[in-house]
Amino acid sequence: MREKILINDVGPRDGLQNQTRVLSVDQRVQLIRGLLKAGVRSVEAGAFVSPKAVPAMAGTDAVLAGLSADAGVDFQVLIPNLKGYTLARDAGAGTVVLVVCASETMNQRNVRMSIEESLAQAQEICAAARTDGVRVVACIAVAWCCPFEGATEPGRVLDLAGRLFAMGADDVNIADTIGAANPRAVGRLMGALAQEYGAGKLACHFHDTRAFGLANVYAALESGIRKFDSSIGGIGGCPFAPGATGNVASEDVVMLLEQMGFDTGIDLPALMAAGQLVGEMLGVTTGGRADTWRRLQLEKESPLI
Ligand code: COA
Ligand code: ZN
């Protein structure tokens with residue numbers, strides 16, 4: 001039996017929120033269907049945020065409605081506050097991703113609240129979610145580095161994770177929002193978090209800004225982490241964090257994990273097709289770092305794994 005890894009594709013949220021071209025609800029549903037066809041079982045389908053702040057995420061309720069027939073899939077949605085929670089619950093989201101930044105400046109820029117104000121809302125959201133039967137993933141953004149305040153003190157992330165678990169968060173996702181972490185720093189922080197709270201309730205989210213995305217995935221794997229966010233085609237970036245480029249590409253992460261003997265449950269050629277589709281929709285180059293090699297392998301009918 002190969003060990004399973006859960007891949008949560010954040011392309012339909014993180015990938016789309018910072019693009020020049022805004023996709024229609026139908027295009028977003030088509031993209032997510034492409035991911036499901038490839039075997040992806042967890043998708044960040046959108047965000048309930050202010051449409052003025054992030055126009056590309058408007059209509060997330062309609063995206064969820066368009067997917068309601070796709071059973072057995074965890075559709076996650078990002079929320080910044082209590083209003084976002086109510087909208088997400090009413091739209092039928094099974095999991096909400098509640099974002100809190102590890103630095104004050106980034107939290108203010110992102111959600112216009114102090115960290116303590118965000119935590120007060122998190123407390124209310126966790127309590128409501130327990131009653132409503134909604135899963136809560138708490139995401140700690142800029143966990144290694146903030147574009148405004150520099151390096152993040154690891155103790156701060158440990159403390160925030162502890163408070164979010166105590167409120168009832170089901171999982172805590174540790175995010176390198178601007179792609180500034182390196183494998184050693186990942187190993188240190190994820191090792192400490194895993195020791196304190198258990199690796200099973202932790203996930204990682206990496207951006208590939210400095211080309212360390214896959215190395216950071218590997219470092220987190222070595223710390224026992226088995227849940228990863230990645231983005232189809234490597235698209236992505238945060239509109240409120242200057243200099244952040246795309247997420248680590250799902251195609252690259254799946255290939256790395258499968259070649260190492262893990263089981264992602266995802267079919268790589270079908271995933272590549274979804275990556276190509278989103279690239280065509282957005283008019284950008286997609287595919288991840290090993291895209292050329294993978295295409296050559298497919299042309300030669302040689303194995304990818
Ligand atoms: N979803 C949709 N609309 C929301 C909302 C939500 N979660 N929260 C607030 N709003 C609306 C308010 O109803 C109000 O609408 P109105 O202008 O029609 O009256 C408007 O947004 C402003 O409300 P306010 O509470 O003053 O918010 P703000 O202007 O201080 O902005 C956020 C705060 C959190 C809503 C906004 O900064 C945001 O959506 N940020 C998201 C950031 C993000 O997605 N980052 C990337 C992922 S980490
Ligand atoms: Zn991100």
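Residues numbered from 1 in each chain as written. Chains lettered and ligands numbered in written order. Predicted model: local features only at pLDDT ≥ 70, side-chain atom pairs only at ≥ 80, totals over all residues. Heavy atoms only, no water.

1. Details of the overall build of the protein chain
Next up, step 1: Helix and strand counts for the protein chain come out as 12 helices and 10 strands.
Next up, step 2: Scaling as 2.2 N^0.38, a compact globule of 305 residues should have a C-alpha radius of gyration of about 19 Å, and the protein chain matches this with 18 Å.
Next up, step 3: Dimensions along the principal axes, computed over C-alpha positions, put the protein chain at roughly 55 × 40 × 40 Å.
Next up, step 4: A total of 305 residues make up the protein chain; the buried ones form 54% of that total. (Helix = DSSP H or I, 4+ residues; strand = E, 2+ residues; numbered from the N terminus. Rg over C-alpha atoms; globule rule 2.2 N^0.38 Å. Buried < 20%, exposed > 50% of the residue type's maximum accessible area, 1.4 Å probe, protein only.)

2. Section: the packing of aromatic side chains
Next up, step 1: Overall, the coordinates contain 2 aromatic pairs when judged by the stated rule.
Next up, step 2: Geometrically, the ring pair formed by Trp 144 and Phe 206 is tilted, given 5.7 Å between the ring centres and 35 degrees between the ring planes. Remark: Phe 206 occurs in strand β9 (residues 202-206) and Trp 144 occurs in the loop between β5 (135-141) and β6 (145-146); sequence separation between them is 62 residues. Of the two residues, Trp 144 and Phe 206, neither departs from the other in class, the shared state being buried. (Phe/Tyr/Trp six-rings, centres within 6.5 Å; stacked < 30°, edge-to-face > 60°.)

3. Some points on the site of ligand 1
Next up, step 1: What surrounds ligand 1 is a group of 18 residues, the closest being Ser 50, Lys 52, Asn 81, Lys 83 and Asn 110.
Next up, step 2: Lys 52 is positioned such that a nitrogen or oxygen atom in its side chain is 2.9 Å from an oxygen atom of ligand 1.
Next up, step 3: Expressed as a share of its isolated accessible area of 930 Å², the protein-covered part of ligand 1 is 65%.
Next up, step 4: Contributions of two or more residues to the shell around ligand 1 are made by α4 (82-90) and α5 (104-111).
Next up, step 5: Here the shell around ligand 1 takes 3 residues from α4, the largest share from any one element.
Next up, step 6: Class assignment of the residues belonging to the shell around ligand 1 gives a composition of 9 nonpolar, 5 polar and 4 charged. (Near = heavy atom within 4 Å. Polar contact = N/O pair within 3.5 Å; in protein donor to acceptor, adjacent residues only side chain to side chain. Areas by Shrake-Rupley, 256 points an atom, 1.4 Å probe, with all protein chains shown as cover. Nonpolar A, V, L, I, M, F, W, Y, C, P; charged D, E, K, R; others polar.)

4. Quick look at the pairing of strand β10 (residues 227-230)
Next up, step 1: As paired elements, strand β1 (residues 6-9) and β10 share 4 bridges and run parallel to each other. Looking at the pairing, Asn 8 lines up with Asp 229 of β10.
Next up, step 2: In this structure, β9 lies alongside β10, joined through 2 bridges in parallel fashion. When the sheet's bridge partners are listed, Cys 204 is paired in β10 with Phe 228. (Pairing = 2+ DSSP bridges.)

5. Notes on the environment of Glu 149
Next up, step 1: Structurally, Glu 149 is set in the loop between β6 and β7 (150-151).
Next up, step 2: With sequence-adjacent residues up to four places away left out, Glu 149 is seen in contact with Ser 103, Glu 104 and Thr 105.
Next up, step 3: One polar contact links the side chain of Glu 149 to the main-chain amide nitrogen of Glu 104, over a distance of 3.4 Å.
Next up, step 4: Side chain to side chain, Glu 149 and Thr 105 meet in a polar contact 2.5 Å long. (Contact = heavy atoms within 4.5 Å.)

6. Some remarks on the environment of Asp 176
Next up, step 1: Topologically, Asp 176 is positioned in strand β8 (residues 171-176).
Next up, step 2: A relative accessible area of 0% places Asp 176 in the buried class.
Next up, step 3: Separated by 30 residues in the primary sequence, Asp 176 and Cys 146 place their C-alpha atoms 8.9 Å from one another.
Next up, step 4: Setting aside residues no more than four positions away along its own chain, Asp 176 makes contact with Trp 144, Ala 181, His 205, Phe 206, His 207 and Asn 216.

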